[in-house]
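Here is how the chains run, residue by residue.
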Amino acid sequence: MNLADSSCPKLLSSMLQGFFQVTLILAILAAVAPLLGRYMARVFLGEETWLDRVISPVERVVFAGSGVLNGRPMTGGQYVRALLVSNLVMLVLVFAIFMLQGALPFNPTGLTAPSWDLALHTAISFTTNTNQQHYSGETTFTYFSQVGALGFLMFTSAATGIAVAIAFIRGLTGRPLGNFYTDLILSITRILLPISVVGAIALLVAGVPETFAGPAQATTLEGATQFIARGPVAHFEIIKQLGENGGGFFGINSAHPFENPNNFTNLLETVIMLVIPAGLILTYGILAGNPKQGWLIFWMVFIIFAIFIAIAAVGEVQGNPLVNQVLGSPQPNLEGKEVRFGPVLTAVWAIATTGTMCGAINGLHDSLMPSGGFLTLANLFLQIVWGGQGTGTAYLFVFLILTVFLTGLMVGRTPEFLGRKIEKREIVLASAILLVHPIAILIPAAITLAFPETLSGISNPGFHGISQVVYEYASAAANNGSGFEGLGDATLWWNLSASFSLLAGRYVPIVALIFLADGMARKQPVPETAGTLRTDTTLFTGVTAGAILILGALTFLPVLVLGPVAEAFNLG
Amino acid sequence: MTSSTLPLNQPGGPRQQRKHTPKANLSNLYQRAFQESFRKLDPRVMIKNPVMFVVWVGTLITALLTLNPNLFGVVEGENSALFNGLITLILLFTLLFANFAEAVAEGRGKAQADALRSTKSDTVARRLQSDGSTEEVSSTSLRRGDRIKVIAGDMIPADGEVIDGVASVDESAITGESAPVLKEPGSDVASSVTGGTRIISDELILQVTSDPGKGFIDRMIALVEGAERTKTPNEIALTVLLAVLTLVFLIVVATLPPSASYVNSPVGITLLIALLVALIPTTIGGLLSAIGIAGMDRVAQFNVVATSGRAVEACGDINTLVLDKTGTITLGNRLAEEFIPVNGYSETDVATAALAASVFDTTPEGKSIVRLAEKLGATVSFDKSKAEGVEFSARTRMSGTDLPDGGEIRKGAVDAIRGFVRSRGGHAPAELDQAFERVSRLGGTPLAVCQNSDIYGVIYLKDIIKPGIKERFDQLRRMGVRTVMLTGDNRITASVIAAEAGVDDFIAEATPEDKIQVIQTEQAQGKLVAMTGDGTNDAPALAQANVGVAMNSGTQAAKEAANMVDLDSDPTKLIDLVTIGKQLLITRGALTTFSLANDIAKYFAIIPAMFAAAGIEALNVMGLSSPRTAVLSALIYNALIIPALIPLALKGIEFRPLTANQLLQRNILIYGLGGIIAPFIAIKVIDVGVSAVTNF
């Protein structure tokens, strides 16, 4: 067979196949997001849903007498305090479990406590909904640590994000913020748990294991004995995706055949990680009484998302020019990929997982072509191409607010958003959010790169090394958790410096968001007239996209240029 | 847009010819601004503007690097004193241009203040003693509450309220209007005088209403000079955001060297500073305060004194204009047009009664009644010296004359007269209602005339709607501004005028209390309200309104309650003020957008130059000739764009009465998209020039 002749049609057919795969995922997303968005709106508006009949009796028993289901609305200060204290308690609890895991049950492989800094980093990482892992799950943590501690945080950290988004939306639209504990519980019982139960069963059926038994023993063809790690994977897997957690049961995450065995589970897991951030945008539209605005923002993000996927996928399908030169024909870049998913589905996953701050991976981002590396990094910097669980939606509105502030003057009025004036307080709080990323990413990255021998543990020097280091901190600060990998990151420096980025990236914006919403809620709304800048128009949505590009992306352009851009040009 | 409506859009359009700014000496404005721009290099001044302060520090560092290129260590090939010197020079010019912009804006105000100050000199005042004698004191020793006497030829030494005498006063020093104004006590509009104006006939007894240094002219001087100029809330918020963006870029640039060194493409300090200065929003940072000052200045050129920049900004935000019908919507004076007899009287009978009722009426309306009656042949049949005038009051809503024979002749609002007649035992005929309706439906004001219990007829006072006012209200509506007309007229008349003038709402038979109530109702809905007023009973409403414009002819109380004073006493200006406020905000927004959009091109100029060793030539999309010329060109553009935009910042962006969305679309295209594209072209052009004269 003549390779050179068959290569072009092959490339074309794999592009075509990829196109259908992408279209299917996007179509499912566009169909499911509004359903979920409407459902979440009903939950948080306190309206009846069809799940009430099943869950309400259970809730009444579990939370009997606590009053948590009907908590009083909180002020901004109370809300922030409740959130920080509850998160701190969970953090301490989980840290204790890790340090004592050797003495705790469900430890069939007899694992002992990890180093204190690794335990701390892991506890912070899961509390902040990041799930950055400087370890291999199956060989570091016991079943009890994984299910009891990490599984617990996967629900609560995701629910914290949703609660923040709902409080933020309520504040923007002039309502009281609500009660943190009530929203936290509702997020778990009405959104995360029901979807997880259904999703876990689907994964089980598709072949994902769920067992407390120790590793399976197998005898290989050569006659050697092999221990194959397994465990209670299915339920862990679904909340990992749904809650934008991303911390895999196994070290190689969703590339592992027990986490993500086939194309069906891959499709399910990809869609599941997108639905809540996408749905929340539409939930906003309903709560604000302006579904049109919700849809406009939804499509804005949808289009950016689709463009990113297209660029990344084309890059992977075209492959590495240096390799292609050797081969004499264009071949897709399959390094670091599972062959059962191929270049396109790996690219889709990479864009989705970095865009949504999920952080689960089904292929190594380290091995993506520079265009993919560029876009995954850009996703982490922007944090709004769907964005993190709850927080992504809030960031979108922060960008809307900043856009209103910068361009709104051009209609001849002082800027207002949703009928409320944007003044110094709002700008100070939004600025805090703008500042977090440069501080939590660029500064530690610069320190690490200044001492490459002692600190960095970079595996590929040169431009790629910069990408590795920046990616690690960006992933921490954006609460994504995925790794570029190839980095020797289980060191004291990495654990502690990444912990700083994790905490700053999570709590500074959350506190700012809550106070921002609280202040907005107290403002006297200004009635809308023909002279009011309408934010629910295609024009304004387009302007916002431009502002996001300038404010969000230009900040990181120099570092992107030294990383993936320079790498791309040097590949030829 | 037709040419006939075009001038109306522009502030000052229709009135351009009546613009009389006090004569300010602008001849050496630029010379003074040039000197000022160096004086402002003082770090204590610079630090107030965080963006430009960063440039200032950068300039200092590059200057040091010019003297000793290896001051901060040797970076291969980047230690050229010439290059560093050029960068230093460009940065210095960036600073000077920004200072110059501010100095020019301030200079206009200063010149105006100087002109005003020349009217203010220590004069001798005649203070009245308790025994009625006068003592001569210096004007600076006058205190609030003192009584003084001024006679023809005197400069009035302090702001005051006329308590006795009638005199004409030349107020051209503050209004520029050369025709003298009549001042007399007791009248709301004509009883206040301003220090610094000149009395040109007769004499007045005044009660001083301000302490020295706190008079109207003093306040005006402070305002136009910018001494009291504090940043508006929006300016503060924008300054915060610009400072944060500067900080973000500072972090971006400061963290670059380790990465650059890591990939063996080290960068020198000069290049880092160049990148930083190019990225931080220097354009808007340099022009921001000039835009604000120029906005105040435009108001001043319009002969309106604003007490704060905040008030000017608030004009742009106004949702509702509360307008007095008379003087704003209609020409000030209603004129008698026709006498309509009832009860079988003839037209001449009505004219005679109307004349009798109006002989003591000095209002323009009263005088026009007299004129019309005399034209119809009516004469006064009684001894005027023995008769007594009855003044109009808001309570009785009628005026008239008590005749020597005891007869009471009255004219006034129809229902007021009806009540008067009933109280005298008479009753109103049905024809009266018909006449009332007829006049009202014409948009006129019907005044009934009666003698004792007998109604003679109705006077038709014709109101003339100002030409062009309907178009202006249409424009306001398109801008989302609602207009509410207040009038003492009856409902029918009010509705006719309202419909003809095209106001959105009206309040008929309004009292001063209604004014404040309208404002409060609108404000309760979150709207910002603007109004004009001149009387003392307008003061509470002026204070309540978000923008209250007092007429200069109004009382001191009104002027103190208001946040703007119109020196021309033209209430229609309120509409122009809305435009000026919007213009100010649009200018600020447009230049901010432009400044930030410029960053894209500057990135594409400097980044490839900076990391030339990293093999990213392909990013040099402009094809700039060498890394050094690229950096120089970007910085030269960055410096030159400031003076290039000074005229726009001072003049303000042309305002068109469009809806918010149309405005956004238009301005985003010009200043957003333009801000992205323009620097690509400009930097390329500059690069061609730079590479032609240097061999970098």
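Residues numbered from 1 in each chain as written. Chains lettered and ligands numbered in written order. Predicted model: local features only at pLDDT ≥ 70, side-chain atom pairs only at ≥ 80, totals over all residues.

Colleague: Outline the overall build of chain A, supporting the account with residue identities and numerical values.
Modeller: The secondary structure content of chain A amounts to 20 helices and 4 strands. The C-alpha atoms of chain A give 23 Å as radius of gyration, which agrees with the globular expectation for 572 residues (25 Å, within 12%). Oriented by its inertia axes, the alpha-carbon framework of chain A measures out at about 75 × 55 × 50 Å. Across the 572 residues that make up chain A, the buried fraction comes to 58%. Contacts spanning at least 24 positions in sequence make up 78% of the contacts within chain A whose residues lie at least 6 apart. (Helix = DSSP H or I, 4+ residues; strand = E, 2+ residues; numbered from the N terminus. Rg over C-alpha atoms; globule rule 2.2 N^0.38 Å. Buried ≥ 20, exposed ≤ 12 C-beta atoms within 10 Å, placed from the backbone. Contact = placed C-beta atoms within 7 Å.)

Colleague: With reference to specific residues and values, describe the overall build of chain B.
Modeller: Looking only at helices and strands, chain B features 25 helices and 22 strands. The buried share of chain B, taken over its 696 residues, is 53%.

Colleague: If you had to explain helix 19 (residues 538-553) of chain A to someone new, which residues and values would you point to?
Modeller: Spanning 16 residues, helix 19 of chain A covers 21 Å between terminal C-alpha atoms, matching the ideal 22 Å at 1.5 Å per step. On its buried face, helix 19 of chain A sits against helix 10 (291-318), helix 13 (370-382), helix 14 (391-407) and helix 15 (424-450) of chain A together with helix 23 (573-610) and helix 25 (660-693) of chain B. (Expected span 1.5 Å × (residues − 1).)

Colleague: Describe the interface of chain B and chain A, listing the residues and the values that go with them.
Modeller: If you look at the interface, chain B gives 57 residues, while chain A gives 57 residues. Breaking the side of chain B that touches chain A down by element, the ones donating at least two residues are helix 8 (233-254), helix 9 (256-262), helix 12 (309-317), helix 23 and helix 25 of chain B. Examining the composition of the side of chain B that touches chain A, we find that 13 residues originate from one element, helix 23 of chain B, more than from any other. Of the residues belonging to the side of chain B that touches chain A, the class tally is 33 nonpolar, 17 polar and 7 charged. (Nonpolar A, V, L, I, M, F, W, Y, C, P; charged D, E, K, R; others polar.)

Colleague: Requested: an account of the nonpolar core, with residues and values cited.
Modeller: All names here are of chain B. The biggest cluster of nonpolar side chains holds 341 residues, and the ones touching the most others in it are Ala101, Ile606 and Leu635. It is helix 23 that provides the largest number of residues to this core, a total of 21 residues. Each of domain 1 (3-114 + 222-303 + 578-693) and domain 3 (319-331 + 465-566) gives at least three residues to this core. When residues no more than four places from it in sequence are discounted, the contact partners of Ala101 are Gly286, Leu287, Ala290, Ile642, Ile646 and Ala649. Ranked by size, the runner-up nonpolar core spans 38 residues in total, among them Val350, Leu372, Ala373 and Tyr456. (Core = buried A, V, L, I, M, F, W, Y, C linked by C-beta atoms within 7 Å. Domains from an automatic or database assignment.)

Colleague: I'd like to hear about the pairing of strand 14 (residues 398-402) of chain B, residue by residue, with values.
Modeller: Within strand 14 of chain B, 4 of the 5 residues are buried, leaving the element largely enclosed by the surrounding structure. The turn joining strand 14 of chain B and strand 15 (residues 408-413) of chain B, which pair antiparallel and follow one another in sequence, is formed by 5 residues; a positive phi near 95° is taken by Gly406(B). (Pairing = 2+ DSSP bridges.)

Colleague: So, the domain arrangement of chain B: which residues are in play, and what are the values?
Modeller: Many descriptions give the size of an interface as the accessible area lost when the pieces come together. Per the domain assignment, the segments making up chain B are domain 1 (3-114 + 222-303 + 578-693), domain 2 (143-211), domain 3 (319-331 + 465-566) and domain 4 (335-462). Computed from C-alpha coordinates alone, the two centres of domain 1 of chain B and domain 3 of chain B are separated by 41 Å.

Colleague: Can you explain the packing of helix 6 (residues 143-172) of chain A against helix 14 of chain A? Please cite residues and give values.
Modeller: Two elements in contact, helix 6 of chain A and helix 14 of chain A, have axes separated by 8 Å at closest approach and are oriented at 30°. Here helix 6 of chain A contributes Gly161(A), Val164(A), Ala165(A), Phe168(A) and Leu172(A) to the contact with helix 14 of chain A, which in turn contributes Thr391(A), Thr393(A), Ala394(A) and Phe397(A). (Axes fitted to C-alpha atoms, helices over the stretch in contact; angles between N-to-C directions.)

Colleague: So what's going on with the packing of helix 9 (residues 263-287) of chain A against helix 12 (residues 342-355) of chain A? Residues and values would help.
Modeller: Residue and element names in this part refer to chain A. In the contact formed by helix 9 and helix 12, the axes pass within 10 Å of each other and the chain directions differ by 20°. Accordingly, the angle class assigned to the pair helix 9 and helix 12 is roughly parallel. For the pair helix 9 and helix 12, the crossing hand works out as left-handed. Together, Asn266, Thr270, Met273 and Leu274 of helix 9 and Leu345, Val348, Trp349, Ala352 and Thr353 of helix 12 make up the contact between the two elements. Looking at the contact of helix 9 with helix 12 residue by residue, the class counts come to 6 nonpolar, 3 polar and no charged. (Parallel < 35°, antiparallel > 145°, perpendicular 65-115°, else oblique. Left-handed = near helix turned anticlockwise from the far one by under 90°.)

Colleague: So what's going on with helix 6 of chain A? Which residues, and what values?
Modeller: All names here are of chain A. For helix 6, spanning 30 residues, the distance from its first C-alpha to its last is 42 Å, which sits close to the expected 44 Å at 1.5 Å a residue. Where helix 6 bends most, the angle comes to about 30°, and this point is Leu150. A large share of helix 6 lies buried, amounting to 26 of its 30 residues. Just past helix 6, the residue Gly174 takes up positive phi, approximately 85°. (Bend = angle between axes of the 7 residues up to and from the residue.)

Colleague: So, the sheet that holds strand 7 (residues 192-193) of chain B: which residues are in play, and what are the values?
Modeller: Within a sheet, each strand pairs with its neighbour through backbone hydrogen bonds, oriented either parallel or antiparallel. Residues and elements named next belong to chain B. Across the sheet, 6 strands lie side by side as 2-1-3-9-4-7; this open sheet has antiparallel pairing. Sheet topology places strand 2 (134-138) and strand 7 at the edges, where each strand pairs with a single neighbour. Sheet topology note: the strand 4 (residues 160-164)/strand 9 (residues 203-208) ladder contains 4 bridges and is antiparallel. Residue pairing for strand 9: Gly160 is matched across the bridge by Val208.

Colleague: Account for the environment of Ala31(A), with residues named and values stated.
Modeller: All names here are of chain A. With respect to the helices and strands, Ala31 occurs in helix 1 (residues 3-45). Taking the C-beta count within 10 Å as the criterion, Ala31 has 10 such neighbours and is therefore assigned exposed. Ala31 sits 285 residues away from Glu316 along the chain, and the two C-alpha atoms are 27 Å apart.

Colleague: Mind laying out the sheet that holds strand 13 (residues 388-390) of chain B, listing which residues take part and the relevant values?
Modeller: Residue and element names in this part refer to chain B. Taken together, the 6 strands give an open sheet; going across it, the order is 12-17-16-15-14-13, and neighbouring strands pair in antiparallel fashion. A strand with exactly one partner marks an edge of an open sheet, and here the two such strands are strand 12 (335-341) and strand 13. Going from strand to strand, the sheet's axes swing by 20° on average, the running direction of each strand aside. Where strand 16 (residues 445-451) lies against strand 17 (residues 454-462), 7 bridges are found, and the strand directions are antiparallel. Note that in strand 17 the partner of Val449 across the bridge is Gly457. Together, strand 12, strand 16 and strand 17 form the strand contacts of helix 17 (residues 430-441), whose direction differs from that of strand 17 by roughly 5°.

Colleague: For unusual backbone geometry, give the residues involved together with the corresponding values.
Modeller: Not every positive phi belongs to a glycine, and Asn129(A) is a case in point at roughly 65°. Of note, Asn129(A) is situated in the loop between helix 4 (116-127) and helix 5 (137-140). Within the chain, Asp202(B) stands out as a residue other than glycine whose phi angle is a positive 55°. A tally of 15 C-beta atoms within 10 Å means that Asp202(B) is categorised as partly exposed.

Colleague: So what about the environment of Leu331(B)? Which residues, and what values?
Modeller: Residues and elements named next belong to chain B. Of note, Leu331 is situated in the loop between helix 13 (325-329) and strand 12. Take Leu331: there are 15 C-beta atoms within 10 Å of it, and that puts it in the partly exposed class. Sequence separation between Leu331 and Pro467 is 136 residues; the distance between their C-alpha atoms is 9.0 Å. Not counting chain neighbours up to four residues away, the residues in contact with Leu331 comprise Ile464 and Lys466.

Colleague: I'd love a proper account of the environment of Ile433(A), names of residues and values included.
Modeller: Residues and elements named next belong to chain A. Among the secondary structure elements, Ile433 is positioned in helix 15. Overall, the presence of 23 C-beta atoms within 10 Å leaves Ile433 in the buried class. Linking Ile433 and Ala504, residues 71 residues apart in sequence, is a C-alpha distance of 9.9 Å. When residues no more than four places from it in sequence are discounted, the contact partners of Ile433 are Val398, Pro509 and Ala512.

Colleague: Just give me the short version of the confidence of the model for chain B, but keep the residues and values in it.
Modeller: Residue and element names in this part refer to chain B. On average, chain B scores 84 in pLDDT, and the residues at 70 or more come to 91%. Mean pLDDT values for the elements of chain B range from 36 in helix 1 (residues 6-9) up to 93 in helix 4 (residues 50-67). Across residues 1-22, where pLDDT falls below 50, the model places 38 contacts with residues more than four positions away in sequence or in other chains. Of the two predicted TM-score estimates for the complex, the pTM is 0.85 and the ipTM is 0.90. (pLDDT = per-residue confidence, 0-100.)

Colleague: Residues and numbers for the pairing of strand 5 (residues 167-170) of chain B, please.
Modeller: All names here are of chain B. On strand 5, burial follows the alternation: Ala167 and Val169 on one face are buried, whereas Ser168 and Asp170 on the facing-out side are not. Here strand 5 pairs with strand 8 (residues 198-199) via 2 bridges, running antiparallel. Within strand 8, the position partnered with Val169 by the bridge is Ile199.

Colleague: Account for the confidence of the model for chain A, naming residues and giving values.
Modeller: Model confidence for chain A is summarised by a mean pLDDT of 86, while 96% of its residues fall at 70 or above. In this model, residues 1-6 of chain A is a region of pLDDT below 50 whose contacts with residues beyond four sequence positions or in other chains number 4 contacts.

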